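One letter stands for each residue in the lines below.
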Amino acid sequence: MKAPLLIALFALLLAVVPLFGGDYVLAFCVQLLVFVSLAYSWNLIGGYAGYTHFGQVTFFGLGAYVGALLMQSGVHWLLAAAAAALSGLLVALPLGGVMLRLRGPFFAIGMYGMARVFDSLALGLDDITQGGTGLYLTPLGNLYGIYAALAVIAVVMLIATYRLDNSRFGLQLLAIREDEQAAEAMGIRTARLKIAAFAASAIAPGAVGSLYATYLSYIDPSTAFGSMTELTTIAMVLLGGLGTVFGPLIGAVLMSVVNEFLWSRFPELYLGLVGCIILAAVLFMPRGIASFVVKRGWRGLPVPREHLRRIALRARGAVPHV
Amino acid sequence: MFQSLPRTLAALGLLTAVLFGAPTARAADPIKIGIALSMTGNLADSAGHYRKAIELWRDMINQKGGLLGRPVELVLYDERSDPATAARLYERLITVDKVDLLIAPWGSASTATSSAVAEKHKRLLINAGGASEKVQERGFRYTVQTAAPISAYVEGIAPLMAKYKYDSMVMVSRDFNAARDMSAALEKIAKEKNIKILNSEYFPAGSTDFSSNIAKGRQLGPDVWVSLAYPNEAIELVRQFRATNYLPKVFISNGVSQEDFLKAAGKDGEYAIGMSLYEPVMKTKGNAEFAKAFVAKYGYEPGYFAGFGYAGATVLAEVVTKTGSLDQDKLRAELDTYETDTVLGHHKIEPKTGLQVGVKGLLIQVRNGKREIIWPTEFKTIDEVLPLPAWEQRS
Amino acid sequence: MPVWELLVGGILLGGLYALMACGLNLIFGVMGVINFAHGDFLAVAALITVSLVVGLGLPFIVAVVVVPLLLAAFGYVFQAVILRRIANGPVIMSVLATFAVSTIIVNGAILVWGGSYRGLPGVLGGSVELFGLHLSESRLVAFVVAMTGSLGVWWFLRRTRFGRAIRSVAQAPELATISGISIDRVRNVTFALGAGMAGLGGVLMAPTFAADPQLGSRFLIKAFAVIIVGGMGSYPGAMAGALLLGVLEVFGSYWFGPTIGSALLFLVMLATLLVRPQGLFGIGLRT
């Protein structure tokens, strides 16, 4: 199946869910879409540029607080989300410039430390954030608006990743992932590209954080900067397939569904069961479901960088009929 | 490629049915009460006591023939100490499981998010486990508090200090919403009673070391040390007091009033004073029966976390019985003026906000490994020993 | 300002941090595995200790011997069955695997011990007076064990044949294989050693902290911070780093309040990463 068709199908599915699903299905989808957007964002820097890290929740939490504070002073929730997205970008630019000098586990753990610093700020700057009391917002009457906004962000992130996968920028990022020194030597301006990818990966989390606060009509530091949000997102991307177009979507949907199923049926065991599933995936599908499926020759999923492969094949004079 | 599409859609449909499908109705047709509370995450411990009490209540009421002649069934979910999960699970309880009645989760943060969901669906939510006043002050009509209000936690402190002519205190509390409300209430009392607050600090959840707070306490020398905290922090505080040979004249914490504290702090916990809202020895309505059944079933004495759960369920059952209905608006209207007595003491709400005003606070002191009530006088089981005896004078 | 009391408090807190980091320094510092389950190793060790001492009435010293052995056995199996299979994959896979194991351990511990807080009343609970300052007995013991333990491992890695094998596997696995070292065996034993030290750490923390199944996450990042500040794989560095972080946290909390005080730990970690990635003392094994 071709990628654009799959994306259209996903968008269509998102459009019809509110027509048939009840409030719970909608609430479930809100949570799912939050994770889809977070997973695609993390995939940009972690999957394509190879800079895996544990600090995305920094931008999610920042967005939640920026959005919540704006909404408290009367700004419309959509506008607040846009401002929160901008705040993510503006903070990520200098932060990326500093932090991306680190590599491997140092960057990963360094970003975790950064998230904790922001968490402490949310607690410590209690004149602005009310500290542990949290910020209370007026709830919206229904979930449709938030759902629509999140659906748009998720689809945009999916399309952006698809475009990236077939673009020069995407290939440059992959070159950085495979061998940063070699990429530098080939004339790729690695520092600038890494920062761009990092900043791009902070925009959606900012907006999503603000929408999350709107959805809950309440935010406190432990919800905004939760470690579980971070780790769940990463597990989703790795499970689905790091650095692939559909991996984050597959991972997010699968894990959300499995989670929801397990914790309503086996509340006392589900944490361990989720652990077992992740462990099994790590051992038997270490490159993620998307790669596993593609390698097994199942045609339902598009091959990564299909367009580029076709160009390469055409150059060799062998154009297959697709 | 389109051949596989119908199959994929069918599979998706099946999956959706399995996940979101309502369980089929049973012949007995029980009354379903929905609750999502932490079974994992940082509130799992305290929520566990709350859950046990509610489960016990279910067993007890079913033994007596149920509610409105129907058996009571609990629909319990784990919200993982996550306010977002709590909100989603209340959507599920209301729209998928179609429960008849709702009891709120444990803790103010999850109560904040789930009360918004209940309000949206115009469903009564018994706030049995959230102390924070902010939740009630949002003006949600359908959220009614049976848990003790903030003022009840701190009201015993000033009388105790006046009795011993103590006039200074420090507050070292975990940073969460109920603690901030309690500090504010205490600051107000201190101002009225001319009590000096020498220092007021919050530590983040997860703190395990109190060296700097103790050094500061030693330097400032307050009469009273108040910590609005959970049992683990109260345990670590008294142990670190002992290990560094520090002792204020009085140590007061709500974390003291739980079984965990008695067991884990051991002798170091002796004479510590706990803010409490419920004790098994209280001669309140139905308490003897509840405490006895609780000990028989779980093997330890219930503390106020458990008392909250039982009292919330009791009030709910009483208004259901009185109105003879499960109609949410009727129940809510009845609750406006409904007054009763529960294991916590008197139940009464302020009609406009649903804020609890009936339940009063207690102070307890740990003596020989047991909680004994020292205030107010009508419930008193022992005379307090103050100031705290120095470490070296204890056997 | 009570400078001496704060300083001593900070140093003893640093001792606890060194204890948390001791085992992880082998697993993360030397082997390069980001072990998300390390905190849970500590928590489970503390809980087993409570069960042995309070539940079964055994003397504390029995726990000191038995629990590290149990944890070491667990670590050996964990490495041999799970981590070995993904040792050659990207680092992030070991993160995912250890994260999964961490959730399984936490869930298992909740099933076994319930969610409640447990302590060891009466074990090393007292204080020792020294120059008019009162020091916690349990922390003093933890401090001494952490320091001697660190020096012991340091000596082991530097001076013994097996220690050199561990370092060679960590730094140049291919060369180690050529020299006839069984990589798998060395990794299994190293991981077991690291887990065993985490076990010892957990045992010695049981008298200080109220233990519960979710205690681990509170210690995990502190252990990582200690290792990064001290330099990957460097035991003397970790000791010094732990003391520095402990002292800074206590003084920071005193001056700016506990929230900022505990954030200082992360700020120092970030500053070290950016300014001196080889660790404060620049004697790491892996840089």
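Rules used throughout
All chains use their own residue numbering, which begins from 1 and follows the written sequence. Lettering for chains starts from A, numbering for ligands starts from 1, and both go in the order in which the items are written. Reporting of local features is limited, given that this is a predicted model, to residues whose pLDDT is at least 70; pairs of side-chain atoms are given and counted only at 80 or more, and all residues count toward the totals for whole chains, interfaces and linings. Helix and strand definitions follow DSSP, with helices as H or I runs of at least four residues and strands as E runs of at least two, each counted in order from the N terminus. It is the C-beta atoms, placed from the backbone, that decide contacts: two residues are in contact if theirs lie within 7 Å. Residues are sorted three ways: Asp, Glu, Lys and Arg are charged, Ala, Val, Leu, Ile, Met, Phe, Trp, Tyr, Cys and Pro are nonpolar, and all the rest, Gly among them, are polar. When DSSP locates at least two bridges between a pair of strands, those strands are taken to pair. Only the stretch in contact is used when a helix axis is fitted, and all axes are lines through C-alpha atoms; the angle between N-to-C directions ranges over 0 to 180 degrees. By this rule the span expected of a helix is its residue count minus one, scaled by 1.5 Å. Burial is judged by counting the other C-beta atoms within 10 Å of a residue's own C-beta: 20 or more makes it buried, 12 or fewer makes it exposed, and any count in between marks it as partly exposed, with every C-beta position built from the backbone. Oblique is the label for any angle not under 35 degrees, not over 145, and not in the 65 to 115 range, which are roughly parallel, roughly antiparallel and roughly perpendicular in turn. Crossing handedness follows the turn of the near helix against the far one: under a right angle anticlockwise gives a left-handed crossing, and clockwise gives a right-handed one. Here a nonpolar core is just a set of buried residues of the types Ala, Val, Leu, Ile, Met, Phe, Trp, Tyr and Cys, joined wherever their C-beta atoms sit within 7 Å. Every residue carries a pLDDT, the predictor's confidence in it, which falls somewhere between 0 and 100.

1. A look at the overall build of chain C
Counting its regular elements, chain C contains 11 helices and 2 strands. Shown N-terminal to C-terminal, the secondary structure of chain C runs as helices and strands in the order α-α-α-α-β-β-α-α-α-α-α-α-α. Seen along its three principal axes, the alpha-carbon backbone of chain C occupies a region of about 60 × 45 × 30 Å. Contacts in chain C between residues far apart in sequence, at least 24 positions, make up 77% of those at least 6 positions apart.

2. Some thoughts on the interface of chain B and chain A
With 33 residues of chain B at the contact, the number on the chain A side is 32 residues. If you tally residues by element for the side of chain B that touches chain A, the top one is helix α3 (residues 83–95) of chain B, at 7 residues. Taken together, the residues of the side of chain B that touches chain A break down into 19 nonpolar, 5 polar and 9 charged.

3. Some points on the sheet that holds strand β1 (residues 31–37) of chain B
Residues and elements named next belong to chain B. The 5 strands are arranged β2-β1-β3-β4-β5 in an open sheet whose pairing can be described as parallel. Each end of this open sheet is capped by a strand with a single partner; those strands are β2 (72–78) and β5 (143–145). Each strand of the sheet is rotated relative to its neighbour by a mean of 25°, with strand direction disregarded. As judged from the 7 bridges shared by β1 and β2, these two strands associate in the parallel manner.

4. Considering helix α3 (residues 57–72) of chain A
Residue and element names in this part refer to chain A. Spanning 16 residues, α3 covers 22 Å between terminal C-alpha atoms, matching the ideal 22 Å at 1.5 Å per step. The buried fraction of α3 amounts to 15 of the 16 residues, a majority that puts the element mostly inside the structure. Glycine 74 sits one or two positions beyond α3 and adopts a positive phi of about 95°.

5. Examining the packing of helix α9 (residues 211–220) of chain B against helix α1 (residues 3–30) of chain C
The contact between α9(B) and α1(C) brings their axes to 9 Å, and the two run at 160°. By the angle between their directions, the pair α9(B) and α1(C) is classed as roughly antiparallel. Considering only the axes of α9(B) and α1(C), their crossing is right-handed. In this structure, α9(B) contributes Ser211(B), Ser212(B), Ala215(B) and Arg218(B) to the contact, and α1(C) contributes Glu5(C), Leu6(C), Gly9(C), Gly10(C) and Leu13(C). Taken together, the residues of the contact of α9(B) with α1(C) sort by class into 3 nonpolar, 4 polar and 2 charged.

6. Here we look at the environment of Ala49(A)
All names here are of chain A. Inspection of the secondary structure puts alanine 49 in the loop between α2 (23–48) and α3. Note on alanine 49: 27 C-beta atoms within 10 Å, which makes it buried. Here the alpha-carbon distance between alanine 49 and alanine 175, two residues 126 residues apart in the chain, equals 7.9 Å. Apart from residues lying up to four places away in sequence, alanine 49 is in contact with Leu173, Ile176, Arg177, Lys194 and Ala197.

7. A look at the interface of chain B and chain C
When the parts of a complex come together, some accessible area is lost, and that lost area is often taken as the interface size. Facing the 35 residues of chain B at the interface are 34 residues of chain C. Secondary-structure elements contributing two or more residues to the side of chain B that touches chain C are α2 (44–63), β7 (196–203), α9, α10 (231–243) and α11 (259–265) of chain B. The dominant element in the side of chain B that touches chain C, judged by the number of residues it contributes, is α10(B), at 7 residues. Looking at side-chain class alone, the side of chain B that touches chain C contains 10 nonpolar, 13 polar and 12 charged residues.

8. Thoughts on the nonpolar core
Counting residues in each nonpolar core, the largest one holds 353 residues, and the members touching the most others are Val30(A), Leu150(A), Ala21(C), Leu96(C) and Val226(C). Per-element accounting of this core gives the leading share, 18 residues, to α2(A). For Ala21(C), the contacting residues outside a window of four places in its chain are Ala223(C), Val226(C), Ile227(C), Ala238(C) and Ala242(C).

9. Looking at the packing of helix α8 (residues 168–178) of chain A against helix α10 (residues 190–216) of chain A
Residues and elements named next belong to chain A. Two elements in contact, α8 and α10, have axes separated by 10 Å at closest approach and are oriented at 110°. Classified by the angle between their axes, α8 and α10 sit roughly perpendicular to one another. Of the residues in α10, those in contact with Gln172, Leu173 and Ile176 of α8 are Thr190, Leu193, Lys194 and Ala197. Split by residue class, the contact of α8 with α10 holds 4 nonpolar, 2 polar and 1 charged.

10. Some remarks on the sheet that holds strand β10 (residues 273–276) of chain B
Residues and elements named next belong to chain B. Spatially, β7-β6-β8-β9-β10-β13-β14 is the arrangement adopted by the 7 strands of the open sheet, whose pairing is mixed. The sheet terminates laterally at β7 and β14 (370–375), the two strands that pair on one side only. Across this sheet, the average inter-strand angle for adjacent strands is 25°, counted without regard to direction. Pairing geometry for strand β13 (residues 362–367) and β14, over 5 bridges, is antiparallel. Note on β14: the bridge partner recorded for glutamine 365 is glutamate 372. Across the sheet, α10 touches β6 (168–174), β8 (224–227) and β9 (250–253), and the angle it forms with β8 is around 150°.

11. Overview of the confidence of the model for chain C
On average, residues of chain C carry a pLDDT of 88, and 98% of them reach 70 or more. Per the prediction output, this complex has pTM 0.89; the corresponding ipTM is 0.89.

12. A word on helix α15 (residues 288–295) of chain A
Residue pairs three or four apart in sequence face the same way in an α-helix, which turns once every 3.6 residues. Residue and element names in this part refer to chain A. Turning to α15, its buried residues number three or more, namely Gly288, Ile289, Ala290 and Val294. On its buried face, α15 sits against α12 (227–240) and α13 (247–265). In the stretch just after α15, glycine 297 is the one whose phi turns positive, near 80°.

13. Overview of the environment of Ala313(B)
All names here are of chain B. Tracing the backbone through its elements, the reader meets alanine 313 in helix α13 (residues 304–323). A tally of 29 C-beta atoms within 10 Å means that alanine 313 is categorised as buried. The spacing of alanine 313 and tryptophan 57 is 256 residues in sequence and 7.2 Å in space, taken between C-alpha atoms. Leave out the neighbours within four places in its chain, and alanine 313 touches Ile54, Trp57 and Ile103.

14. A closer look at unusual backbone geometry
All names here are of chain B. Along the chain, tryptophan 375 connects to proline 376 via a cis peptide bond; the corresponding omega equals -5°. Here leucine 386 and proline 387 are connected by a cis peptide whose omega angle stands at -5°. Looking at where proline 387 falls in the secondary structure, it is placed in the segment after β14. With a phi angle near 55°, asparagine 245 is a residue other than glycine that sits in the positive phi range. Tracing the backbone through its elements, the reader meets asparagine 245 in the loop between α10 and β9. Looking at asparagine 245, the number of C-beta atoms within 10 Å reads 19, which means it is partly exposed.

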